[in-house]
Amino acid sequence: MKARIGVYKFSSCDGCQLAFLNLGETLLALDELVEISYFAEAGMMDEDTPVDIAFVEGSISTAADRERIRRIRDHSGRLVTMGACATAGGLQALRNLADASAWLADVYATPEVLDSLDQALPVAEFVEVDLELWGCPVDSRQLLAAVRSLLFGVLPPPQREKLCLECKRQQAVCVMVTKGEPCMGPVTRSGCGAICPRFGRACYACYGPAESPNGSALGRRFEGLGLLPEQVARRFLFINSHADAFLEAGQRWMSGHD
Amino acid sequence: MTERGIPMQVEVVERVQESPTVFTLQLRLIEEAQRDAYRFDPGQFNMLYLYGVGEVPISIDGDPDRPELLQHTIREVGRVSGGLARLQPGDRLGLRGPFGRGWPMERLDGRDVLIVTGGLGCAPVLPVIARLMRQRERYRRVAILQGVKHSDDLIWRERYDEWARLPDTQVLLAADVAGPQWHGAVGLVTTLFERLDIDLANSTTMMCGPEPMMVAASRELLQRGAGEDDIWLSMERNMQCAVGHCGHCQYGEKFICRDGPVFPYREIAALFGQRGV
Amino acid sequence: MDGTGFLQREHFGELIRILAGRGYRVIGPQLRDGAIVYDDLSEVAQLPSGVIMDVQPARVHATVTQLPRYFSWANGPQALKPLLFRPVETLWQACRDDKGRLEFSAADEQEARPLAVIGVRACDLAALELQDRHFLQGEYSDPHYARRREGLLLVAVNCTHPDATCFCASTGDGPQARTGFDLVLDELDTGFIIGAGSKRGTALMEDLSLLPVREDQLAKAAVSHQAAREAQTRALPPGDLYDALAARREHPHWQAVAERCLSCGNCTSVCPTCFCSHEREQPRLDGSGSVHLREWDSCFSEGHSYITGLVIRAEPRHRYRQWLTHKLGAWHRQYGRSGCVGCGRCIAWCPVGIDLCEETAAVLGGGHD
Amino acid sequence: MTESHNIRIQVPVLARVEGEGGLEFAVRDGQVEELRLSIYEPPRLFEKFLEGREYHEVPDMVARICGICPVAYQMSAVHALEQVFGVDPGAHIRLWRRLFYCGEWIQSHALHIHLLAAPDFTGFDSVTAMAREYPHEVRRGLALQALGNDIIALLGGRSVHPVGACVGGFHRLPALEECRALLERLQAAREQAQALVRWCASLPVPQREQSFCSVALRHPDEYPLNEGRLASSEGLDIAIEDYEQHFEEFQVPYSTALHASLHGQDYLVGPLARLNLNLDRLPASVRRLVDDTGIAFPSANMFHSMVARAVEILYCVEEAIRILERQPPLEPAAVPVLPRAGTGYGCTEAPRGLLWHRYVLAADGTIEAARIVPPTSQNQARIEADLRTSLQDFGLERDEAELRLHAETVIRNYDPCISCATHFLRLRVRR
Ligand SMILES: Cc1cc2nc3c(=O)[nH]c(=O)nc-3n(C[C@H](O)[C@H](O)[C@H](O)COP(=O)(O)OP(=O)(O)OC[C@H]3O[C@@H](n4cnc5c(N)ncnc54)[C@H](O)[C@@H]3O)c2cc1C
Ligand code: SF4
Ligand code: SF4
Ligand code: SF4
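Residue positions are given per chain, counted from 1 along the sequence in the order it is written. All chains are assigned letters beginning at A, and all ligands numbers beginning at 1, according to the order in which they are written. Since the coordinates come from a predicted model, pLDDT governs what is reported: local features require at least 70, and pairs of side-chain atoms require 80 or more to be given and counted, while whole-chain, interface and lining totals use all residues. Side-chain measures here rest on the full set of heavy atoms in the structure, leaving out hydrogens and waters.

A count of helices and strands for chain D gives 14 helices and 13 strands. The quantity called the radius of gyration is restricted to C-alpha atoms. Its globule counterpart is 2.2 Å times the number of residues to the power 0.38. Computed over its C-alpha atoms, the radius of gyration of chain D comes to 21 Å, within 12% of the 22 Å expected for a compact globule of 431 residues. Considered along the principal axes of its C-alpha atoms, chain D spans approximately 70 × 45 × 40 Å. Split into buried and exposed, the 431 residues of chain D put 68% on the buried side. Here, residues are in contact when the closest pair of their heavy atoms is within 4.5 Å. Nonlocal contacts in chain D, meaning residues at least 24 apart in sequence, comprise 72% of its contacts between residues at least 6 apart. Each accessible area is a Shrake-Rupley result for a 1.4 Å probe, and residues are judged covered by the shown protein chains and nothing else. Of the roughly 13500 Å² of accessible surface on chain D, a fraction of 48% belongs to carbon and sulfur atoms. As used throughout, the charge tally considers Lys and Arg to be positive and Asp and Glu to be negative, leaving His and the chain termini uncounted. Charged groups are reduced to one reference atom each: NZ for lysine, CZ for arginine, CG for aspartic acid, CD for glutamic acid. In chain D, 43 positive and 57 negative side-chain charges are present, and the distance between their average locations comes to 2 Å. Helix and strand assignments follow DSSP, with helices taken as H or I runs no shorter than four residues and strands as E runs no shorter than two, numbered in order from the N terminus. Partly exposed residues are those whose accessible area sits between 20% and 50% of the maximum for their type, while under 20% is buried and over 50% is exposed, using a 1.4 Å probe and protein chains only.

Laid out in structure tokens, this is it:
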């Protein structure tokens, strides 16, 4: 029997679902391989049928979201978070650092009607997650490799190594060394293909923290390149600001000392 | 010599569930020429390749005198081992091997033999025991010591009983935590050394299991008179290639896959038990 | 050196053309993204003419000058290693049919042309010899490395402009290339003194428009060899440091380095002798086939020392200690010499400028001579 | 269905739209009442996040508002910021940006046509189901979508949240060989794009006209993409800086994303509005094909939006070919910028329509205030107005399933992008 999958969206930009929708012919091949029972954007609307694998995009930020993610967890075999929003809150988790209700009042007239939690949180804060796919957005290759592994009945190998390793495998020239760019590669998870360094610019950590990230040493290096402590902090408090290692490093730098 | 670079195809002939997480696979090489050529020494290992998932090093624990059947006892701990656990007779997988240096079988003649294992550590010494038992007269006293975390982890109880019935053969079991119906000792495997009935000065020890256990046990044996060249240990490190190229299994100047996995204590004494090496 | 000749600068393109004409894929240095990189070379114009590099720990800066030189720099982040020991390589493939039968096959080979590399340095040659020992001369020889190595043709250029990070003189590997090349060049403003190091090299020389070498040209080359040697300020203590480092396994300096070290693996990636790799599976989506890949890895990564449930070198200080102890100690016992050829790459390309010469000195307690 | 005049229809989750939203409406006594297009994605507060960030962080941040049209967000933003700094990156950067943008239109439109809209007109639930009957058309569509993605990736490294664009130009421009390879693919795709226009025009769509005001950019000599003045079918002609004097954004109490109005009226942005206003800016080759479809543009049939998208795909393929054949210089990839204080405006044509940005910057280049008006909130009022009349015309006596499907078809036709619409706001669904 074909494995059944579902793709569920929460608060996000939709970009990670595109890892499926941009597959081209492979999307048709995937459809042969599995039964997609829920994927609203692609037209599959059966949200309550149990699935073997649930792919979840987006962060959780309302009471309704919270209930929905629990329902999804209950009917799913493996639950996979797809992308920075689902895995670490995403860019919108920046609100967690501020007084979000004041912000809301600021941007529109009748904030009372909003059903919004104060925070945008990763899925794992509410339910158990079997596999986290980092990245903003996730990469299609990464996603397909996960699908394949799960169909083989195993989890894909963890990818926690630093971007620098991928950068060197791609034979990109280090932008920190040649241009003094404050590159986040040394604390960031690989997986994107080191696109930023290959485009001659600093990595901005959209894949989240790597294993043993040394935020102090990197931050000091950034200071050496002319960044102020709060500028260092902002590099950590960006797309994956709610990931522990980045939150911690960012707050340390924000407080002005390392 | 069999092919090292590319796996050979093997078939699962038999699968036995030894405990909730431990299983044994009997494998047979599909190609006859490969089957005929394949020989291994006790203590060597194969790289088992689970299709589409990856390769892992697994000791060969069958009888070296019957290399046509390759037996592997595996604990389900992660990706590859978890996938291997689901294989059934008739399923195919890849195999590269055998690799490494095994136990010093040639040094055992006429000596006392001590086997100390912890956890699943007994798998790599099974072929040794098979040979000891078949040619029992070549060796003097034999002691087999096995320690487990919990008494329920012990597999192969019948085999231990069987070995215990042989002449001049001591079988001692210890569990850190004992469940009901446990007749062995309670504590670390080293607590069994008290009861050893062999002459450590004229013995050869073969040991495998978790590193802290091996460290404690070898230190104790040395104190009790065993020689640094007479304690042999099977070491474990991450292995990718098994041919000494990938660098993962380096242990000081050694490549465990190539120079080991079995080492005499003296060769690794300087590193043994050191953190982070 | 007998059998030398002088190749005028304006004739340098002949070398590229002749090599290409003999079926080689010609690789040479070029300035790209602010560094010297080695890539396909089809004409002289691609060479880094007049490029001068200012190389400091964690800082590399290129300046293009009018200097009539192609090789007035020492090295870049890579040279030979990625050409032979590929950063990512298919080792073999497996297919599975609908009955579950497997078929294994060697990786498809695409590159038919042998490689010719122009602009190889003495340190690169020394590193190549070490990689040869590792990949070819053990019990098992790596067929992928071997295949590319076999046809490899090397045009060495003696170093005239060592970087501030270079210390090949102290490791005994440079700045002058002594063996292992097919041709060796000394660059002067007007052209190149060229000599052969192999039969292939000699044959190549016959096709070049060479002039006889003049005494004053030889003298100039000798002066620049000397100058290149003397310009080096860094050094490593000689010999096998295994025991000395082992004796300092718990030295507090390992932790001091770890506070700075990013464990990013740039040092091992740019090091021409580092050889670690991991293997990875890349199955097709439909499950009908799978590719088994090898990729560069680093002893600075967690996965390097992972065994189920345990990372043996979880702490960065253990990772740095592993790298240095292996490089300067264990290597002697594995391959008969230090794993460092003094190219200084790990110093220049470490994003935080950790300097193995300094760290070694600090661990060994004080300076050295 | 005896009491069919009094029903309440709820579509909690709209299928095949970008982002999740719902629809709720009640029919009472043969009239549509209480119609609410409810966009209930939580607000993401982007405009607030931007405050206090540095100008160079903006392109990477605003891209995250929408995974489907990140290029549009990046382009509106860099133009606004360059206006503040008073830099002009030059004609070649303008061309490369146009190429970049073409990629996004092709990608987004191909996705919408094949994955979201066409199944409505071919009678399927999804593209995968449609592929069984229309394998050739679907493959062609997916190939065009891939081509669009690859154009974005050429300049941006990846098609979702590309990393190539910066204030002042690009971080890197492609290599010559990469451009040549792309050019060949584009040339091969031209015929495919033409066939797509014909196919879309041949699909049976409801023939129903309505009156609405089209709003789009208008450029003196180009089909509008990355610049122009704001124009409407009712004669509006203003500079983008004057947007706020004519357009108003407001919150509606019952639902989520902000609505917008032009002089108090709803209006249409997007492909059909663009095409209606800019037919004369199409190259002759594209114009000819438009005429061949037999559809008389400007069209008052909203369902001609899909054809308009196909026409724009063809336009972008041709425009991309034109740009690459000219081979704009590959250097410099960017001009240096010097931050200074000021207010800047950027308005470009996202695949779904006008995307207007305004930034107020401090002297050091930090953002003090930002305002972003995405196309979908501009279309919201229009969609609701359309639904009211369309459902009425469709026949309110029809059964619920039919009404639902028709309502969804109408909505999908606008290609609303809820993720964009909720870049900072949430409205409540009533269930
Ligand atoms: C010489 C030798 C003999 C061994 N013999 C046996 C045996 O007989 N029975 C048995 O159950 N186990 C044995 N092991 C351990 C076995 O190799 C690991 O349990 C297995 O690799 C775990 O893989 P995994 O994918 O299931 O686990 P994960 O935790 O998912 O590991 C991921 C990957 O890391 C690597 N890795 C993890 N642990 C080890 C390890 N201990 N050694 C080497 N690489 C590792 C492998 O590449 C593995 O695929 C032996 C190890 C060595 C080195
Ligand atoms: S460019 Fe960035 S990712 Fe690449 S090596 Fe340098 S620091 Fe690491
Ligand atoms: S020494 Fe430098 S290059 Fe090497 S891992 Fe540490 S920080 Fe990275
Ligand atoms: S250790 Fe450093 S200096 Fe030595 S060879 Fe390697 S990269 Fe060069």
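Following the structure, the description resumes.
With that settled, consider the site of ligand 3. Proximity is defined per residue: if any heavy atom of the residue lies within 4 Å of a molecule or strand, that residue is considered near it. The immediate surroundings of ligand 3 are formed by 13 residues, with C:C261, C:L262, C:C264, C:C267 and C:C350 found nearest. Under the scheme applied, nonpolar residues are Ala, Val, Leu, Ile, Met, Phe, Trp, Tyr, Cys and Pro; charged residues are Asp, Glu, Lys and Arg; polar residues are all the others, including Gly. Broken down by class, the residue content of the shell around ligand 3 amounts to ten nonpolar, three polar and no charged.

Once that is clear, we can look at the sheet that holds strand β3 (residues 31–38) of chain D. Residues and elements named next belong to chain D. Strand pairing is assigned whenever DSSP detects at least two bridges linking the two strands. In space, the three strands of this open sheet follow the order β1-β2-β3, with antiparallel pairing throughout. This sheet does not close on itself; its edge strands, each paired only once, are β1 (7–11) and β3. Here the strands of the sheet are splayed against their neighbours by 10° on average, with no regard to which way each runs. Alignment of strand β2 (residues 22–28) against β3, held across six bridges, turns out to be antiparallel. Its bridge partner being in β3, A26 is matched across the sheet by E33. Convention adopted: a line fitted to C-alpha atoms gives each axis, helices being fitted over their contacting stretch, and angles between N-to-C directions are expressed from 0 to 180 degrees.

Residue and element names in this part refer to chain D. Across the interface, helix α6 (residues 135–156) lies against helix α7 (residues 176–202) with an axial gap of 10 Å and an inter-helix angle of 145°. In terms of crossing hand, the pair formed by α6 and α7 is left-handed. Contact residues: E137, R140, L144, A146, L147, D150, I151 and L154 in α6; E178, L182, R185, L186, A189, Q192, A193, A195, L196 and W199 in α7. In the contact of α6 with α7, the residues fall into twelve nonpolar, one polar and five charged. Each crossing is labelled by how the near helix is turned from the far one, with a counterclockwise turn of less than a right angle marking it left-handed and a clockwise turn marking it right-handed.

Here the focus is the site of ligand 2. In the vicinity of ligand 2, the contacting residues are A:L163, A:C164, A:C167, A:K168, A:C174, A:V175, A:M176, A:C183, A:G185, A:P186, A:P197 and C:N266. Each of chains A and C places residues next to ligand 2. For the shell around ligand 2, the elements supplying multiple residues, two or more each, are α7 (163–169) and α8 (175–179) of chain A. Here the element with the most residues in the shell around ligand 2 is α7(A); it accounts for four residues. Within the shell around ligand 2, the residues separate by chemical class into nine nonpolar, two polar and one charged.

Turning to helix α12 (residues 244–254) of chain A, its buried residues number three or more, namely A:F246, A:L247, A:A249, A:G250 and A:W253. Of the residues flanking the end of α12(A), it is A:G256, one or two places downstream, whose phi is positive at about 95°.

This part takes up the domain arrangement of chain D. Residue and element names in this part refer to chain D. Domain limits in this description derive from either an automatic procedure or a database domain assignment. Along its sequence, chain D is carved into domain 1 (6–42 + 398–430) and domain 2 (46–378). Of note, the centres of domain 1 and domain 2, computed from C-alpha atoms alone, are 25 Å apart. Buried surface area refers to the total accessible area, computed with a probe of radius 1.4 Å, that the two partners give up upon joining, counted for both partners together. Summing the contributions of domain 1 and of domain 2, the shared interface buries around 2700 Å²; its carbon and sulfur component is 60%. Criterion for a salt bridge: a side-chain nitrogen of Lys or Arg within 4 Å of a carboxyl oxygen of Asp or Glu. The salt bridge partner of R352 is E18, with a shortest N-O separation of 2.7 Å. Polar contacts, as used here, are pairs of N or O atoms within 3.5 Å; protein pairs need one atom able to donate a hydrogen and one able to accept it. Residues neighboring in sequence count only if both atoms are side-chain atoms. One can count seven residue pairs in polar contact (both at pLDDT 80 or more) joining domain 1 with domain 2. Of all elements in the fold, only β3, α13 (400–413) and α14 (418–421) reach the threshold of two or more residues within the side of domain 1 that touches domain 2. Examining the composition of the side of domain 1 that touches domain 2, we find that six residues originate from one element, α13, more than from any other.

Here the focus is the environment of D:K48. Following the sequence through the fold, D:K48 ends up in helix α1 (residues 46–50). Residue class for D:K48 comes out buried when judged on its relative accessible area of 9%.

All names here are of chain D. For this analysis, a ring pair means two rings from Phe, Tyr or Trp (six-membered ring only for Trp) whose centres lie within 6.5 Å, classed as stacked if their planes differ by under 30 degrees, edge-to-face if by over 60, and tilted for the remaining angles. On inspection of all chains with the given rule, the structure shows 42 aromatic pairs over all chains. Their ring planes at 45° and their centres at 5.9 Å tell us that Y345 and W356 sit as a pair that is tilted. Taken as a pair, Y345 in strand β11 (residues 342–350) and W356 in strand β12 (residues 353–361) lie far apart in primary sequence, eleven residues in all. Neither Y345 nor W356 differs from the other in exposure class; each is buried.

For the rest of this paragraph, the subject is the state of the cysteines. Only a pair of cysteine sulfur atoms within 2.5 Å qualifies as a disulfide here. Taken as a whole, this structure holds zero disulfides over all chains when the rule is applied. Between A:C16, a free cysteine, and A:C136, which holds the nearest cysteine sulfur, the sulfur-to-sulfur gap is 6.4 Å.

One frequent convention defines the size of an interface as the accessible area lost when the parts assemble. The interface is formed by seven residues belonging to chain A together with six residues belonging to chain B. With both chains or domains summed, chain A and chain B bury close to 490 Å², and 62% of this area falls on carbon and sulfur atoms. Area buried by chain A at its contact with chain B is led by A:F152, A:V154 and A:P157, which between them contribute 75% of it. There are zero salt bridges connecting chain A and chain B. The tally of links from chain A across to chain B stands at two residue pairs in polar contact (both at pLDDT 80 or more). Tallied by class, the residues present in the side of chain A that touches chain B amount to five nonpolar, two polar and no charged.

Residues and elements named next belong to chain D. Contact geometry for helix α10 (residues 284–292) and helix α11 (residues 305–326): axes closest at 10 Å, N-to-C directions at 160°. It follows from the interaxial angle that α10 and α11 lie roughly antiparallel. Considering how the two elements wind past one another, α10 and α11 form a crossing that is right-handed. Side by side, α10 and α11 meet where S285, V286, L289 and V290 of the first sit next to V311, L314, Y315 and E318 of the second. Grouping the amino acids of the contact of α10 with α11 by side-chain chemistry returns six nonpolar, one polar and one charged. Small angles under 35 degrees read as roughly parallel and large ones over 145 as roughly antiparallel, with 65 to 115 read as roughly perpendicular and the rest as oblique.

Time to look at the confidence of the model for chain D. Residue and element names in this part refer to chain D. One confidence number per residue, pLDDT, is output by the predictor and ranges from 0 to 100. Per-residue confidence for chain D gives a mean pLDDT of 91; residues scoring 70 or more make up 95%. For chain D, per-element mean pLDDT is lowest for α14, which scores 69, and highest for strand β5 (residues 169–170), which scores 98. Segment residues 423–431: pLDDT under 50, and 61 contacts once partners within four positions in sequence are set aside and those in other chains are kept. As scored by the predictor, the complex reaches a pTM of 0.94 and an ipTM of 0.94.

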